[in-house]
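One letter stands for each residue in the lines below.
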Amino acid sequence: MGQPVRDYLLTLCVTAAVTYLLTGPVRKFAIAVGAMPAIRARDVHREPTPRLGGIAMFGGLCAGLIVADHLFNLRGVFELSNEPRALLSGAALIWLIGVLDDKFEIDALIKLGGQMIAAAVMVIQGLTILWLPIPGVGTVALTQWQGTLLTVALVVITINAVNFVDGLDGLAAGMVCIASAAFFLYAYRLWMGYGIEAAAPATLFAAILMGMCLGFLPHNMHPARIFMGDSGSMLIGLVLAAGAISITGQVDPDLMKIFEGSEREATHALLPVFIPLVLPLTIIAIPAADLVLAIVRRTWNGQSPFAADRGHLHHRLLEIGHSHSRAVLIMYFWSALIAFGAVGYSVHSASSWIVFVIVAASAVGLVLLLMPRFTPRAPHWANRIVPPRYRHRGAEEEPAVPYEEKPVPVVSGAQQGSADAGMGEEAVERAPVAVGVSGVNGATAIGARSRFPDRRSIDSSR
C-alpha cells in the first residue's frame, strides 16, 4: 500500500463539500418542519435559529466512507477490518436519536440509553477495546465484558463532552476539528511510520471527521445560520470516540521494535507514545473538563447532572467580558495547545523545548484570558481589508450616524373611512429607523440586534 496522503485529502475534501452543500437545504427543511425552538434560559443566541445540522454532517460521513471504499490506497481498510461498517451502524443510530431530540426534545435518560445502545452496536461488530498497554505493567488483556464496559463508557463520555461544549457558534465543530487533526497526525504516524495497519481505520475516521466539521463551520460561525443540534454534536462525538477506540488496544508494543528488553520495559519506555492511546480524552481535554465540572456543580447544587445551566466554560468567558468570537478563539487555543502538545510530546519526548513551548503558550493564553476588553488595532494601511471593529478611527473621520429620520404618514380615522376624500394632508412624523439592520438567522426573528450583548449573570433565569 502506497502513501495514501492524496487519498485522505480527497476523502476529506469530498466529505467537506457534501456537508457544506447539504447544510443549506437542511436549514430550509429544519425551518419547514419547525425544528427551531424558542430561546432557552441557557442559550447565548438571541434569535431563533434552526437546528438539524447533523443531517448534513451525517450525509458527509456517508459520502466520505463511500469515496474511501473506492480509492486504491484506502480500500484495504474496508477489506481487512469491519470497523468502518461498525462506525456507520452506530453513527446512524445516534444520529436518528439526535434528530428526534432536535425536533421533539426527548428525555435525557432516553438519550443516554440510546448512546449506550449505539456503543453496544459498534462493540458487537468488532469496534471495541481488546487490551490496554499500561506503563510499568505491560499489555493487559481485557475480558469481553471489561472491553465492552470500557468501550461503552468511553463513547458515552466523549459524546456528552462534545454535547456539553456545544454552546457557542462554531465552538463544538471547531474544537472537534482541532482534536481530529491532532489525532490524524498521530494515527497516520503509527500506520505509515511503524507499519501498523491496525491504525488505518482510526486515520480514516479522523480525516472524515475533519471534513464534516470543516464543511459545517462556514454555516455555523458567528452569527450562526444553523445549529448542528444534538444530531450533530452526538454524531461527531461518537466518530471521535470511535477513532480513539479503534487505535487503543490495537497496537502491540513489540510491533514498533524500537526498544530492547522485555515487553514491560518497552511499554514503560514508550510512555509518551501511549499518552494518546491510554488517555484518548487528552485530545478532548477541554470538553471533558467542562463535563466533569458541570456534573460536580449540578450535583453540589442538588440538581440532576443532566439539568441545563449557564455555568459552562464558554459561559464563564462571556461573563468576564469576552466577546462571542473571542471566547470561541480562546477555547480553540486551549484545545489546540493540549491536543498538539500531547502529540508533539509523544513524538519527541526527549526534547525539553516542547515543554517550554507549551508553558510559554499557556502563559500567553492566561494573558488573553485576563484582558477580555483588549481590542487589537490594525495598521492604517490595512483599514480597507480588516473588519470595521479593528480599524483605526482618525480625527478626520465623521462619527457614524446610528439613526436616520424617515417620514411616516399618519392617517386619521375619518380619512380612512371616506374613500372619495382621498388621503388628505399627511402629518409627517419623524421616527428613528435603524440603519444597517443585521441579517436574520431564523425564519421568525425580526428586528435589529442590540449593539451590546446581554451580560446577565449565570444565575439569571432570563
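Fair warning: this is a prediction, and the values are worked out from it, not measured in the lab.

### Describing the overall build of the protein
Right, so step 1: Secondary structure assignment for the protein yields 17 helices and four strands.
Right, so step 2: Residues counted as buried form 46% of the 462 residues belonging to the protein.
Right, so step 3: Contacts spanning at least 24 positions in sequence make up 74% of the contacts within the protein whose residues lie at least 6 apart.

### Quick word on the packing of helix α5 (residues 108-124) against helix α6 (residues 144-165)
In a pair of packed helices, the angle between the axes and the distance between the axes together describe the arrangement.
Right, so step 1: Axis separation between α5 and α6 bottoms out at 9 Å; the angle between their running directions is 130°. Judged on the interaxial angle alone, α6 and α5 are oblique. The handedness of the crossing between α5 and α6 comes out as right-handed. Counted together, Lys111, Leu112, Gln115, Met116, Ala119, Ala120, Met122 and Val123 of α5 and Thr148, Thr151, Val152, Val155, Val156, Ile159, Asn160 and Asn163 of α6 form the full contact between these two elements.

### Observations concerning the pattern of salt bridges
Right, so step 1: Counting across every chain of the model gives three salt bridges.
Right, so step 2: We note a salt bridge from Arg51 to Glu105, for which the minimum N-O separation is 3.4 Å. Residue Arg51 is located in the loop between α1 (5-33) and α2 (54-69), and its partner Glu105 is located in the loop between α4 (83-104) and α5; the two are separated by 54 residues in the primary sequence.
Right, so step 3: On the basis of relative accessibility, which here comes to 43%, the residue Glu105 falls in the partly exposed class.
Right, so step 4: Salt-bridge contacts for Asp101 lead to Lys111; the nearest nitrogen and oxygen are separated by 3.6 Å. Here Asp101 is found in helix α4, whereas its partner Lys111 is found in helix α5, with ten residues between them in sequence.
Right, so step 5: If you follow the salt bridges from partner to partner, you end up with Asp101, Lys111 and Asp230 in one network.

### Looking at the packing of α1 against helix α8 (residues 200-220)
Right, so step 1: α8 packs onto α1 with a crossing angle of 35° between their chain directions and a minimal axis gap of 7 Å. Where α1 crosses over α8, the two elements pack in a sense that is right-handed.
Right, so step 2: Residue composition of the contact of α1 with α8, by class: 13 nonpolar, nine polar and no charged.

### Topic: unusual backbone geometry
Right, so step 1: The omega angle of the peptide bond from His222 to Pro223 is -5°, so this bond is cis rather than trans.
Right, so step 2: By the element assignment, Pro223 lies in the loop between α8 and α9 (229-247).
Right, so step 3: Of note in this structure, Leu52 is not a glycine but carries a positive phi near 65°.
Right, so step 4: Inspection of the secondary structure puts Leu52 in the loop between α1 and α2.
Right, so step 5: For Leu52, a relative accessible area of 2% corresponds to the buried category.

### Regarding the nonpolar core
Right, so step 1: Ranked by size, the top nonpolar core spans 92 residues in total, and within it Leu204, Leu235 and Leu238 carry the most contacts.
Right, so step 2: Per element, the largest residue contribution to this core is 16 residues, and it comes from helix α7 (residues 171-194).
Right, so step 3: The contacts of Leu235, once residues within four sequence positions are left out, are Gly54, Met57, Phe58, Leu61, Ala91, Ile94, Met212 and Asp230.

### Focus on a nonpolar patch on the surface
Right, so step 1: On the surface, Leu96, Leu100 and Phe104 cluster together into a nonpolar patch covering about 310 Å² of accessible area.
Right, so step 2: One can find Leu100 in helix α4.

### Points about the side chain of Thr19
Right, so step 1: Relative to the helices and strands, Thr19 is located in helix α1.
Right, so step 2: For Thr19, a relative accessible area of 0% corresponds to the buried category.
Right, so step 3: Of note is the side chain of Thr19, whose polar atom sits 2.8 Å from the backbone oxygen of Thr15.

### Re α7
Right, so step 1: With 24 residues, α7 ought to run about 34 Å at 1.5 Å a step, and its terminal C-alpha atoms sit 34 Å apart, in line with that.
Right, so step 2: Once α7 finishes, Gly195 follows within two positions and takes phi at roughly 70°, a positive value.

### Quick look at the packing of aromatic side chains
Right, so step 1: Using the criterion set out here, one finds six aromatic pairs in the structure.
Right, so step 2: Ring geometry for Phe58 against Trp95: centres 4.5 Å apart, planes inclined by 10°, an arrangement best described as stacked. Placement of the pair is Phe58 in helix α2 and Trp95 in helix α4, with a sequence separation of 37 residues.
Right, so step 3: In this structure an aromatic cluster arises from ring pairing among Tyr8, Phe184, Tyr188 and Trp191.

### Structural notes on the confidence of the model for the protein
Right, so step 1: Summing up the model confidence of the protein, the mean pLDDT is 75 and the portion of residues at 70 or higher is 64%.
Right, so step 2: Between the elements of the protein, mean pLDDT differs from a low of 40, seen in strand β4 (residues 427-434), to a high of 96, seen in α2.
Right, so step 3: In the predicted structure, residues 410-462 sits below a pLDDT of 50 and forms 89 contacts with residues beyond four places in sequence or in another chain.

### What to know about α9
Right, so step 1: The end-to-end C-alpha separation of α9 is 28 Å, in line with the 27 Å expected for 19 residues at 1.5 Å each.
Right, so step 2: With respect to burial, α9 is a largely interior element, 19 of its 19 residues being buried.

### A closer look at the state of the cysteines
Right, so step 1: Counted under the stated rule, the structure contains zero disulfides.
Right, so step 2: Cys177 supplies the cysteine sulfur nearest to Cys213, a cysteine that is in no disulfide, at a spacing of 5.4 Å.

Criteria and cut-off values
- Residues numbered from 1 in each chain as written.
- Predicted model: local features only at pLDDT ≥ 70, side-chain atom pairs only at ≥ 80, totals over all residues.
- Heavy atoms only, no water.
- Helix = DSSP H or I, 4+ residues; strand = E, 2+ residues; numbered from the N terminus.
- Buried < 20%, exposed > 50% of the residue type's maximum accessible area, 1.4 Å probe, protein only.
- Contact = heavy atoms within 4.5 Å.
- Axes fitted to C-alpha atoms, helices over the stretch in contact; angles between N-to-C directions.
- Parallel < 35°, antiparallel > 145°, perpendicular 65-115°, else oblique.
- Left-handed = near helix turned anticlockwise from the far one by under 90°.
- Salt bridge = Lys/Arg side-chain N within 4 Å of Asp/Glu carboxyl O.
- Nonpolar A, V, L, I, M, F, W, Y, C, P; charged D, E, K, R; others polar.
- Core = buried A, V, L, I, M, F, W, Y, C linked by side-chain atoms within 4.5 Å.
- Patch = residues over 30% accessible without salt bridge, like charges linked within 9 Å, V, L, I, M, F, W, Y side chains within 5 Å.
- Areas by Shrake-Rupley, 256 points an atom, 1.4 Å probe, with all protein chains shown as cover.
- Polar contact = N/O pair within 3.5 Å; in protein donor to acceptor, adjacent residues only side chain to side chain.
- Expected span 1.5 Å × (residues − 1).
- Phe/Tyr/Trp six-rings, centres within 6.5 Å; stacked < 30°, edge-to-face > 60°.
- pLDDT = per-residue confidence, 0-100.
- Disulfide = S-S within 2.5 Å.

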